[in-house]
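Letter by letter, the chains look like this.
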Amino acid sequence: MAALFLGSGTAGADPLPVPYQFLAGVPLELTNPGGSAPGSNDWSCRPTAEHPNPVVLVHGTAGNRQTNWATYAPLLANEGYCVFSLTYGAHEELPWPLSAIGGMKPMDQSAAQLGAFVDQVLAATGAEKVDLVGHSQGTLMPTYWVKFLGGADKVDKYVSLAPVWKGEGAFDLDRNAAALRAGGIDVAGPALAPLCGACGQLVAGSPFMNAVRDGGVYEPGITYTNIITRYDEIVIPYTSGYEEGPNTTNLVVQDFCDRNFGEHLSIAGEPVAAALVLNALDPANQRPVPCVFVPPVFG
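Residues numbered from 1 in each chain as written. Predicted model: local features only at pLDDT ≥ 70, side-chain atom pairs only at ≥ 80, totals over all residues. Heavy atoms only, no water.

Visitor: Looking at this model, I keep getting lost on the state of the cysteines. Mind explaining?
Guide: Covalently bonding the sulfur atom of one cysteine to the sulfur atom of another cysteine gives a disulfide. Overall, the coordinates contain 3 disulfides when judged by the stated rule. Each sulfur in the disulfide pair Cys45 and Cys82 lies 2.0 Å from the other. Taking the sign of the torsion about the S-S bond as the criterion, the disulfide between Cys45 and Cys82, at about -85°, is left-handed. Taken as a pair, Cys45 in the loop between helix H1 (25-31) and strand E1 (55-58) and Cys82 in the loop between helix H2 (72-78) and strand E2 (83-86) lie far apart in primary sequence, 37 residues in all. Each member of the pair Cys45 and Cys82 is classed as buried. For Cys196, the disulfide goes to Cys199, at an S-S distance of 2.1 Å. Torsion about the S-S bond of the Cys196 and Cys199 cystine: about 85°, corresponding to right-handed handedness. Of this pair, Cys196 and Cys199 both sit in helix H6 (residues 193-201), 3 residues apart, which is roughly one turn of the helix. (Disulfide = S-S within 2.5 Å. Helix = DSSP H or I, 4+ residues; strand = E, 2+ residues; numbered from the N terminus. Buried < 20%, exposed > 50% of the residue type's maximum accessible area, 1.4 Å probe, protein only.)

Spelled out as structure tokens, the structure:
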């Protein structure tokens, strides 16, 4: 989809192009290995009174700070936010492009990385708190940091795209987890950990999921927004993205636009969800949510 601007951009600056296509981040990584998406990781950025919280973008499984955020980094920068994004859970000891594949290590390890990155953002910007925008694994992993590693007082708004609050169900992983364990394969154990330590943790009923869900996934003082698609092929059923709680809003993109056929990937690069994210980050200045055709994957 061609670039579309939902906001007015930053005063006195030419707005960055915003490609509404999730896969637009791939050529960015290919042409600038290890770089950052346009609009993100400007360490000289200082938050404004309108947007006092820096936004930290948290990618999903197999993503990174560039491939996952070709849409949101320039979009939020145009809106006047200080935008930061990290690559977490990557096997940095491997050669590129394998080293660019994030979200592979166990999420408790990645949560510590996120915590260190947020501390760096707060120190650089002088802000008291950040807002989080996560996609897929990036909706769940930060909860470990918030609940167990001291992040609760450092987050204001927590916005989740395709959240996995109750575990993933792609290819019936959650249904088959018990059968795998009965056959001697621990879906969260060392057999799968060398390749993707986070993958088994994402399965419903894994020790990690049970620990995160024990006592509830939400923390007081944080405002949560869950943005969900009915066509999610990874979070199955899609209602696994719903999680009721105080200071929580659950939104389904198709309730705003029945021409939206976006699924687990495209929800992180399409304009319907993007408008909902902007409204979640700035609830005092709501904007209309556009209704445009969104194809799967490429939306």
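Visitor: Can you help me understand the packing of helix H3 (residues 107-125) against helix H4 (residues 137-148) in this one?
Guide: The description of two helices packed together rests on the angle between their axes and the distance between the axes. The N-to-C vectors of H3 and H4 enclose an angle of 80°; their axes lie 8 Å apart at closest approach. Put simply, H3 runs roughly perpendicular to H4. Across from Met107, Asp108, Ser110, Ala111, Leu114, Gly115 and Val118 in H3, the residues of H4 making contact are Gln137, Leu140, Met141, Pro142, Tyr144 and Trp145. Grouping the constituent residues of the contact of H3 with H4 by class yields 9 nonpolar, 3 polar and 1 charged. (Axes fitted to C-alpha atoms, helices over the stretch in contact; angles between N-to-C directions. Parallel < 35°, antiparallel > 145°, perpendicular 65-115°, else oblique. Contact = heavy atoms within 4.5 Å. Nonpolar A, V, L, I, M, F, W, Y, C, P; charged D, E, K, R; others polar.)

On their own, these measurements won't tell you what the molecule is for.
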